Amino acid sequence: MPATPAWPPQSTPRLFVAGPLAVGLRTIDGAQAHYLAGVMRIRPGDPVKLFDGDNGEWLAIAREVGRKTLVVELTQQLRTTEAVPDLWLCAAPLKKGRIDWLAEKACELGVAQLVPVITARTIVDRLNGERLYAHMVEAAEQCGRTAVPALAEPVKLAALLRDWGDRHLFFADETGGAPAAATMAARPGPAAILIGPEGGFTPEEREAIRRVPQAVGIGLGPRILRADTAAAAAVALWMASAGDWRL
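First, a word on what this report is: a plain description of the structure on this page. (Residues numbered from 1 in each chain as written. Predicted model: local features only at pLDDT ≥ 70, side-chain atom pairs only at ≥ 80, totals over all residues. Heavy atoms only, no water.)

## Comments concerning the layout of surface pockets
- The computed volume of the largest pocket comes to approximately 510 Å³.
- Together, 24 residues line the largest pocket, and D173, E174, I224, L225 and A230 are the ones closest to its centre.
- Among the secondary structure elements, those contributing two or more residues to the lining of the largest pocket are β13 (215–219) and α7 (227–241).
- In terms of residue count, the dominant contributor to the lining of the largest pocket is α7 (three residues).
- Class assignment of the residues belonging to the lining of the largest pocket gives a composition of 11 nonpolar, six polar and seven charged.
- There is about 330 Å³ of room inside the second largest pocket.
- Counting only elements with at least two residues in the lining of the second largest pocket, the list comes to β1 (14–16), α1 (30–39) and α3 (129–143).
- Considering each element in turn, the lining of the second largest pocket owes the most residues, five residues, to α3.
- Split by residue class, the lining of the second largest pocket holds seven nonpolar, two polar and three charged. (1 Å grid on protein atoms, 1.4 Å probe; cavity = no way out; pocket = protein on both sides within 12 Å on 5 of 7 lines; lining within 4 Å. Points joined across faces, edges and corners; volume = space filled by probe spheres on them. Helix = DSSP H or I, 4+ residues; strand = E, 2+ residues; numbered from the N terminus. Nonpolar A, V, L, I, M, F, W, Y, C, P; charged D, E, K, R; others polar.)

Here it is, written out as structure tokens:
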């Protein structure tokens, strides 16, 4: 007896849409409609997976397919929204391309919030938050995530430190720090990773960070890492030692 094909197929397109999602009809328009109809060649009766970051992933069936709009019917919830580790990535904005890559990896690795931090040596004075968030959405669509990291407004380092609460603050200290994995494992709970700009923190900034009671400098090995690589490496170490990679 032949095996019953999986439904919906693994190749089913996934899209992030504004919520809330629930059983019933839903209209999709604009670029997303073009993607489904013009690129993915969706036809009436074809399945689509939708998620909104708050209500899990839903199965939708295309009912009407036009040139500029689609009408789909949400029929069932496939998955509830994933549990997200309480980790912030606080990183100085980088040049276009590298900051986009950093945003994608923050989403893929499971960061709860991305916080752009303006430091003395930050070379990017304007940040396109809409583009950054779009990169995280695309990463969530492609990687099967049901949640998208929050994107905070850019904040100056001094203001970030002044308003710091009880959250652990692990900052990548290029002058040397404690072994990252062991240090993170010894401090479970809500945390943030602070990554400086391509030129590093100034001595004054480093001292200001160290004055925060919850802050601890961490080392990321014997090699010099670019800022975006350091961010991904530090997040991976936290996930493996204190986050949900341990499960």
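After that view, the rundown keeps rolling.
## Things to note about the pattern of salt bridges
- One pass over the full model with this rule turns up 13 salt bridges.
- The residue R79 makes a salt bridge to E57 at a minimum N-O spacing of 3.2 Å. Placement of R79 in strand β5 (residues 69–79) and of E57 in strand β4 (residues 57–65) is noted, with a sequence separation of 22 residues between them.
- We classify R79 as partly exposed; its relative accessible area is 36%.
- Residue E108 pairs with K105 through a salt bridge whose shortest N-O separation is 3.1 Å. Taken as a pair, E108 and K105 lie in helix α2 (residues 98–109) at a separation of three residues, close to a single helical turn.
- In this structure E108 comes out as partly exposed when scored by relative accessible area, which is 37%.
- The structure contains a network of salt bridges with shared partners spanning D173, E174, R206, E207 and R210. (Salt bridge = Lys/Arg side-chain N within 4 Å of Asp/Glu carboxyl O. Buried < 20%, exposed > 50% of the residue type's maximum accessible area, 1.4 Å probe, protein only.)

## Regarding the packing of aromatic side chains
- Under the definition given, this model contains four aromatic pairs.
- On the basis of an interplanar angle of 70° and a centroid distance of 5.5 Å, the ring pair of F16 and F51 is categorised as edge-to-face. One end of the pair, F16, is in strand β1; the other, F51, is in strand β3 (residues 47–51), with 35 residues separating them in the sequence. When sorted by exposure, F16 lands in the same class as F51, which is buried.
- On the basis of an interplanar angle of 75° and a centroid distance of 6.4 Å, the ring pair of F171 and F201 is categorised as edge-to-face. With F171 in strand β10 (residues 168–172) and F201 in the loop between β12 (191–195) and α6 (203–210), this pair connects stretches of sequence that are 30 residues apart.
- Residue classification places F201 among the buried positions, given a relative accessible area of 1%.
- Among the aromatic residues, those joined into a ring-pair cluster are F16, F51 and Y133. (Phe/Tyr/Trp six-rings, centres within 6.5 Å; stacked < 30°, edge-to-face > 60°.)

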